Amino acid sequence: MKSLHQCPAPAKLNLFLHVTGRRDDGYHLLQTAFQLIDRCDLLDFDVRQDGQILRTNDVPGVPADSDLIVRAARLLQQKTGTTLGADLTLHKILPMGGGVGGGSSDAATTLMALNHLWQTGLSRTELMALGLQLGADVPFFIFGENAFAEGVGEELQAISTPERWFVVIEPGVHVPTPAIFSSRELTRDSKAVRIADFSSNAENYWRNDLQTVACAMFPQVDEAIQWLSKFGNAKMTGSGACVFCAFADESAADKVIMQMPGRWKSWKAKALNQHPLVDLLQR
């Protein structure tokens, strides 16, 4: 039986996130820089001959039929007409509702791995289009490189980011994305920046427009930002709740972790240049 085990689904951090407008259909127009990091969920895939898609383990709070990995596998089946199926096992490490893209990354890894195992032959571009049906962040993970993103997050240009380490705090709350984007307090008129501006002078644009709203709704997020700001330019990633700060090397990150208050779960992660499964992609 064909199998791929321990397939990584890496987290992402939004190095900045600006809301520049809103479309007629309600979707927000964004600009952001996505950074891959080496903290990952892990997935196992075993091909089935009977066409069934089964998640083999329980994921608390996520029924199998609504799990993005199951939905991704079924979508790839429908798109390609394959008669094969798969057993899917998800080893969940990344926090849910943390703004680090865990569910989207899981879906992307599922599409990449099963496209390879089932030999369905979709290109990276075709998989990205399929992934967009599952969520706005999914195409980025299939894109496979750090990226400057526009539109609703699906217009991607590869960027180079420095080697560094990040300290990430999980404040212990689940921040619902719809609540943040629907808030009356959210500003939606940030001036658009150019990718050249970001690349040459990145620190000036490191702001998350969703952060003020999230901090007002969830004081735990604000508290984590205030504490981590003692060590550098701390901010929230995505729509929250995770908070991060960049450091030049691992030892600097370790020193901060050692001082971390016990009420928070925290971890360190290294910046990645590309997705660990990029070799599975057909360009």
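Residues numbered from 1 in each chain as written. Predicted model: local features only at pLDDT ≥ 70, side-chain atom pairs only at ≥ 80, totals over all residues. Heavy atoms only, no water.

Before going further, it helps to examine the UniProt feature "active site" (unreviewed entry) in the chain. Taking the numbering used here, the UniProt-annotated feature "active site" (unreviewed entry) corresponds to Lys12 and Asp137. Taken along the chain, the residues just named run across 126 residues; in space they keep tight, none of their C-alpha pairs more than 9.6 Å apart. Lining the largest pocket, from the residues just named, are Lys12 and Asp137. Under the relative-accessibility criterion, Lys12 is labelled buried at 3%. Looking at Lys12, its side chain comes within polar contact range of the main-chain oxygen of Gly99, at 2.9 Å. The residues contacting Asp137, other than those within four sequence positions of it, are Lys12, Phe34 and Ser104. (UniProt positions renumbered as here; feature names shortened; annotations may be inferred. 1 Å grid on protein atoms, 1.4 Å probe; cavity = no way out; pocket = protein on both sides within 12 Å on 5 of 7 lines; lining within 4 Å. Buried < 20%, exposed > 50% of the residue type's maximum accessible area, 1.4 Å probe, protein only. Polar contact = N/O pair within 3.5 Å; in protein donor to acceptor, adjacent residues only side chain to side chain. Contact = heavy atoms within 4.5 Å.)

Turning our eyes to something else, we now look at the side chain of Lys235. As for its placement among the helices and strands, Lys235 is situated in strand 8 (residues 235-236). Look at Lys235 and you get buried, because its relative accessible area is 2%. A distance of 3.4 Å separates the side chain of Lys235 from the backbone oxygen of Asn233, its partner in a polar contact. Apart from the residues within four sequence positions on either side, Lys235 is in contact with Asn14, Leu15, Trp206, Arg207, Gln211, Cys242, Val243 and Phe244. (Helix = DSSP H or I, 4+ residues; strand = E, 2+ residues; numbered from the N terminus.)

Where helix 2 (residues 102-117) contacts helix 3 (residues 124-132), the axes come no closer than 10 Å and their chain directions differ by 135 degrees. In terms of orientation, helix 2 and helix 3 fall into the oblique class. In this structure, helix 2 crosses over helix 3, and the sense of that crossing is right-handed. When helix 2 is examined against helix 3, the residues Leu111, Met112 and Asn115 are found in contact with a partner set consisting of Leu127, Leu130 and Gly131. (Axes fitted to C-alpha atoms, helices over the stretch in contact; angles between N-to-C directions. Parallel < 35°, antiparallel > 145°, perpendicular 65-115°, else oblique. Left-handed = near helix turned anticlockwise from the far one by under 90°.)

As a further point, take the layout of surface pockets. Its boundaries defined by the atoms lining it, the largest pocket holds a volume of some 1300 Å³. As for the largest pocket, its lining consists of 46 residues, and the residues nearest its centre are Ser104, Gly135, Asp137, Thr177 and Ser239. Here the lining of the largest pocket is composed, by residue class, of 20 nonpolar, 19 polar and seven charged. (Points joined across faces, edges and corners; volume = space filled by probe spheres on them. Nonpolar A, V, L, I, M, F, W, Y, C, P; charged D, E, K, R; others polar.)

As enumerated under the stated definition, the model contains six aromatic pairs in all. Look at Phe16 and Phe148: their rings are 6.2 Å apart centre to centre, the planes differ by 45 degrees, and that puts the pair in the tilted class. Here Phe148 lies in strand 5 (residues 147-150) and Phe16 lies in strand 1 (residues 3-22), a separation of 132 residues in the sequence. With relative accessibility at 0%, the residue Phe16 sits in the buried group. Owing to a relative accessible area of 1%, Phe148 belongs among the buried residues under this scheme. Through a chain of ring-to-ring contacts, the aromatic side chains of Phe34, Phe140 and Phe141 assemble into a single cluster. Looking at Arg263, its charged tip hangs above the ring of Trp264, at a distance of 4.3 Å from the centre. (Phe/Tyr/Trp six-rings, centres within 6.5 Å; stacked < 30°, edge-to-face > 60°. Lys NZ or Arg CZ within 6 Å of the ring centre and 35° of its normal.)

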